[in-house]
Amino acid sequence: RLDLQYVPGEGADTQAFLRALGTFGYSAEGSVDGSEVEASVDASLTLEDIWLHEERTTKIALSRGYVPAGWGFWEPDEA
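Residues numbered from 1 in each chain as written. Predicted model: local features only at pLDDT ≥ 70, side-chain atom pairs only at ≥ 80, totals over all residues. Heavy atoms only, no water.

**Q** Would you explain the overall build of the chain in this entry?
**A** When you go through the chain residue by residue, the secondary structure sums to 2 helices and 4 strands. Computed over the C-alpha atoms, the radius of gyration of the chain is 12 Å, within 12% of the 12 Å expected from 2.2 N^0.38 for a compact globule of 79 residues. Looking at the chain as a whole, 33% of its 79 residues are labelled buried. Considering only residue pairs separated by 6 or more positions, the chain has 73% of its internal contacts joining residues 24 or more positions apart. When the accessible surface of the chain is totalled, it reaches about 5,100 Å², and 52% of it is carbon and sulfur. (Helix = DSSP H or I, 4+ residues; strand = E, 2+ residues; numbered from the N terminus. Rg over C-alpha atoms; globule rule 2.2 N^0.38 Å. Buried < 20%, exposed > 50% of the residue type's maximum accessible area, 1.4 Å probe, protein only. Contact = heavy atoms within 4.5 Å. Areas by Shrake-Rupley, 256 points an atom, 1.4 Å probe, with all protein chains shown as cover.)

Now the structure itself:
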């Protein structure tokens, strides 16, 4: 799973950002203190797929007052 983080900038609209991410198939949640939104998607770990999701979510974010803060991969715990 690819996780992408965004932080609020000027004029950030958290609810609009979360709705838009959901519309495009991303799981998304905001932090309790409002300092971050994280979007997640199951993606193949290819450069093309990572870039596609990073570019798409960044465009969604910027148009709703959020700026990119990083991305990474979720690794399940081994039980």
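**Q** Looking at this structure, I do not really get the side chain of Thr-57. What am I missing?
**A** The topology assignment puts Thr-57 in helix α2 (residues 47–62). By relative accessible area, Thr-57 is classed as buried at 0%. A polar contact of 2.8 Å, which involves the side chain of Thr-57, links it to the backbone oxygen of His-53. Ignoring anything within four residues of it in the chain, the contact list for Thr-57 reads Leu-4, Tyr-6, Phe-17, Leu-21 and Tyr-26. (Polar contact = N/O pair within 3.5 Å; in protein donor to acceptor, adjacent residues only side chain to side chain.)

**Q** How should I be thinking about helix α1 (residues 14–23) in this particular structure?
**A** Each α-helix turn comprises 3.6 residues. Residues three or four places apart therefore point the same way. When we look at burial in α1, the residues that qualify are Ala-16, Phe-17, Leu-18, Ala-20 and Leu-21. Taken from the residues just after α1, Gly-25 is the one with a positive phi, measuring 90 degrees.

**Q** What exactly am I supposed to notice about the nonpolar core here?
**A** Most often, soluble globular proteins have nonpolar side chains that are buried together. In this structure, Leu-2, Tyr-6, Phe-17, Leu-21, Val-37 and Tyr-66 are the most contacted members of the largest nonpolar core, which totals 16 residues. At the level of secondary structure, the elements contributing two or more residues to this core comprise β1 (2–8), α1, β3 (37–41) and α2. Among the elements that line this core, the one with the most residues is α1, at 4 residues. Excluding its chain neighbours within four sequence positions, the residues that come into contact with Val-37 are Leu-4, Gln-5, Tyr-6, Thr-14, Phe-17, Leu-18, Leu-21, Glu-29, Gly-30 and Tyr-66. (Core = buried A, V, L, I, M, F, W, Y, C linked by side-chain atoms within 4.5 Å.)

Any functional reading would require information that these geometric values do not contain.
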